[in-house]
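# Geometric and topological summary
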Amino acid sequence: MKYTLNLGAKEFSSDNVVLVSAFEKTIEAKGKTKESKAIVNTHWSKEIKAAFEKIKTSVDFTGTAGSTYTLHLENGTTVLVYGLGEKKAVTFETLRNHSAKIYKAIAAKYKEVAIQFDGFTIKSKADESLNAMVEGISLADYKFDRHFVTKTPAKLTEITFDSAAKKTGLKKLQKTLDDTLVVTESINVGRNFVNEAPNILRSTTYAKEVLEDIKGTKGVKSKVLGRAELKKEKMGLFLSVNDGSAYEPQLVHLTYTPSKMTKKTKHIALVGKGLVFDTGGYSLKPSGSMVNMKFDMAGSATVYSAFRAVAKLGLDVKITCILGMTDNAVNEHATMPDAIVKARNGLSVEILNTDAEGRLVLADCLDYACDQKPDAIIDSATLTGAVLVSLGNQVCGIMGNDQKLTDKILKSAKNTDEYMWQLPIIQEFHDDLKSPVADLKNIGGSSFGGSSKAAAFLSKFVKNDIPWAHLDIAGIGDSQGHKAYCPTKGASGLIVRTLVDFLKNA
Ligand code: BES
Ligand code: MN
Ligand code: ZN
């Protein structure tokens, strides 16, 4: 898609198809309870107004949120009117969703569209409004169609934002547009990884494709640790998950160093669970729960997308990104329940359930990340089914050891309109992980509070009091049909914007 900004526009940049907004106004009749609705279209051009009013039935169109109306001008221009509802009720999130809906309504019909942007600018904030609109459109403009013989690409290839605003504002607005597209492109790269089939995206192919994707990005260095290196690193927990696999484990270690490093430059480590498929291992998942476990690497895709965006934006923050990749499979070498395995940090772990594998991979990756001496660590993982029970499948769970860090991430989630809620880690959850034969067991005695107990487990592998936050995206990472800019089936791509916002302000 080609996006163009046309500032100082007196006329539409297209005489073909133009999109304008309409708002709805509720009029209460004096002294009566009866109320009526009317359209607010004071920002329309004379010709559009005249053409609209000429059509008798147009009185019924009042600009209700999500409603549409099409009319034609004498010169042949098609005018699409999109109702945004009551003006004061429009938020950046509703604008994001409306933009996605607009995209879906027009993508198959028109080749190019000119959007009368001033009518979509809310709260007089042009940058934020453009950001929300472009996010909505470019995130809706995503299809995982690489495996179809016949593809049906969208007809729409060019969108122009017309605005009467002064041309002097172009540079700033253009940067907003460009930066937004870097983020959404990174989200879509991550979605592709998540949606790819597990027989195609093995740990080894995943690692290779990540390196291929980031190649040439300024300030980025990369290395991959395979089985031999993980053995050298004594990553017993990570290796135990890989024992039943026909493919090598891969720890992808990326660093981004900004061009200007000062003493003030923060160093953040991102860690992601990259289970390219989770069968459960010997604690085999029932077939219904196993379907879609290709998505068990969404945590790693999420932090990778954020890393990629920050590096390509050239932000002023150093980032270490650790992706722990393997599948959790079964063969004669697979780890059996009752196994006792030594972690990289020296703790012994009694593995009572091989399906609680994500925490094992993350534990060693977190310990490894601590050695990079970051100022803070954030991990992201499809860690527990329990997070769907407690928070629903639309909300990201956040847990950690540092309230300040947690609050900052929660604020970033709010800034970007992504749902996130904190769950506690209490002493009793730590107690529940005590084992009679090892330092720790990998599951609690009861499944209640499963997300928090998983986080309690992880916390044992964060050393030197480094502030750490854990994001459980088992719900929010997958299909989000309630958001028009997320696919109803497949990776949502959510939480990347939260992370980018956090890293911008780090
Ligand atoms: N990958 C799963 C968690 C998951 C479940 C993600 C559903 C997305 C949807 C994880 O490895 C797992 O199996 N967790 C177990 C933990 C249990 C054995 C303590 C779970 O949630 O059942
Ligand atoms: Mn599992
Ligand atoms: Zn898993």
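Note: the structure precedes this text.
Within each chain, residue numbers correspond to sequence positions counted from 1 in written order. The order in which chains are written sets their letters, starting at A; the order in which ligands are written sets their numbers, starting at 1. Given that this is a predicted model, residues contribute local features only at a pLDDT of at least 70 and side-chain atom pairs are listed and counted only at 80 or more, while totals for whole chains, interfaces and linings are drawn from all residues. Heavy atoms throughout the structure, all of them, feed into the side-chain values; hydrogens and water do not.

What follows concerns the side chain of Ser-283. Secondary structure elements are defined from DSSP: runs of H or I of at least 4 residues count as helices, runs of E of at least 2 residues count as strands, and each element is numbered from the N terminus. Summarising the element assignment, Ser-283 is placed in the loop between β10 (267–278) and α8 (287–290). When sequence neighbours within four positions are dropped, the list of residues in contact with Ser-283 reads Pro-337, Asn-353, Thr-354 and Asp-355. We call two residues contacting when some pair of their heavy atoms lies within 4.5 Å.

Now for the coordination of the manganese ion (ligand 2). Metal coordination here is assigned from N, O and S atoms located within 2.8 Å of the ion, or within 3.2 Å for Na, K and Ca; omission of water means that sites may look incomplete. Every protein donor of the manganese ion (ligand 2) is listed here as Asp-278 (OD), Asp-355 (O), Asp-355 (OD) and Glu-357 (OE), and their distances to the metal cover 2.1 to 2.2 Å. Because the angles between the 6 donor atoms bound to the manganese ion (ligand 2) fall within 70 to 166°, the donor set is best described as irregular. Donor residues binding the manganese ion (ligand 2) come from one chain and are separated in sequence as D-x76-D-x1-E. The distance between the manganese ion (ligand 2) and the zinc ion (ligand 3) comes to 3.1 Å, and Asp-278 binds to both of them. Owing to a relative accessible area of 23%, Asp-355 belongs among the partly exposed residues under this scheme. Between 85 and 135 degrees for all angles marks four donors as tetrahedral; over 155 degrees for opposite donors together with 65 to 115 for all other angles marks four donors as square planar and six as octahedral; every other arrangement is irregular. Type-normalised accessible area, obtained with a 1.4 Å probe on protein chains alone, sets the label of each residue: buried when under 20%, exposed when over 50%, and partly exposed for intermediate values.

Turning our attention to the pattern of salt bridges. A side-chain nitrogen of Lys or Arg and a carboxyl oxygen of Asp or Glu constitute a salt bridge if their distance falls within 4 Å. As enumerated under the stated definition, the model contains 26 salt bridges in all. Between Arg-344 and Asp-371 there is a salt bridge, and its shortest N-O distance comes to 2.8 Å. Of this pair, Arg-344 sits in the loop between β12 (339–342) and β13 (348–351) while Asp-371 sits in the loop between α10 (358–370) and β14 (376–381), placing them 27 residues apart in sequence.

Coordination of the zinc ion (ligand 3) by the protein involves Lys-273 (NZ), Asp-278 (OD), Asp-296 (OD) and Glu-357 (OE), with metal-donor separations of 2.0 to 2.4 Å. Coordination at the zinc ion (ligand 3) is octahedral, judged from the 6 donor atoms that bind it and the angles of 77 to 174° they form at the metal. Sequence spacing among the residues donating to the zinc ion (ligand 3) works out to K-x4-D-x17-D-x60-E. On the accessibility criterion, Asp-278 (3% relative accessible area) is buried.

Attention now goes to the sheet that holds β12. Spatial strand order, β12-β13-β17: 3 strands in an open sheet with mixed pairing. What marks the edges here is a single partner per strand, and that holds for β12 and β17 (440–441). Strand pairing requires that DSSP identify at least two bridges connecting the strands. Pairing geometry for β13 and β17, over 2 bridges, is parallel. Considered in β17, the bridge of Val-349 is made with Leu-440.

The next subject is the site of ligand 1. Close to ligand 1 lie 16 residues; Lys-285, Asp-296, Asp-355, Glu-357 and Gly-385 are nearest. Compared with its free state, where it exposes 510 Å², ligand 1 has 76% of that area covered by protein. Residues are grouped as follows: nonpolar covers Ala, Val, Leu, Ile, Met, Phe, Trp, Tyr, Cys and Pro; charged covers Asp, Glu, Lys and Arg; every other residue, Gly included, is treated as polar. Classifying every residue of the shell around ligand 1 gives 5 nonpolar, 4 polar and 7 charged. It suffices for a single heavy atom of a residue to lie within 4 Å of a molecule or strand for the residue to be listed as near it. Where accessible areas are quoted, they stem from the Shrake-Rupley method and a 1.4 Å probe; at the residue level, only the protein chains shown are allowed to cover.

A few words on the environment of Thr-302. In this fold, Thr-302 is placed in helix α9 (residues 298–313). Spatially, the C-alpha atoms of Thr-302 and Val-330 are 27 Å apart, while their sequence positions differ by 28 residues. Sequence-distant contacts of Thr-302, that is, excluding residues within four places in its chain, are made with Ser-380, Ile-473, Leu-494, Ile-495, Val-496 and Leu-499.

As a further point, take unusual backbone geometry. Here the phi dihedral of Ser-124 falls at roughly 55°; this positive angle occurs in a residue that is not glycine. The residue Ser-124 is located in the loop between β6 (112–116) and α3 (126–140) in this model.

Here the focus is the nonpolar core. Residues Phe-161, Leu-270, Phe-307 and Leu-471 are the most contacted members of the largest nonpolar core, which totals 94 residues. Of the residues forming this core, the biggest block, 10 residues, is contributed by α9. When residues of this core are assigned to domains, at least three fall in each of domain 1 (2–165) and domain 2 (205–380 + 423–504). For Phe-161, the residues in contact, after removing those within four places along its chain, are Tyr-3, Thr-4, Leu-5, Asn-6, Ile-115, Phe-117, Leu-130, Met-133, Val-134 and Ile-137. Counting 47 residues, the second largest nonpolar core, distinct from the first, contains Leu-237, Val-361, Ala-369 and Met-399. The nonpolar core is taken to be a set of buried Ala, Val, Leu, Ile, Met, Phe, Trp, Tyr and Cys residues, with the residues joined through side-chain atoms within 4.5 Å. In this document the domain limits rely on a domain assignment from an automatic tool or a database.

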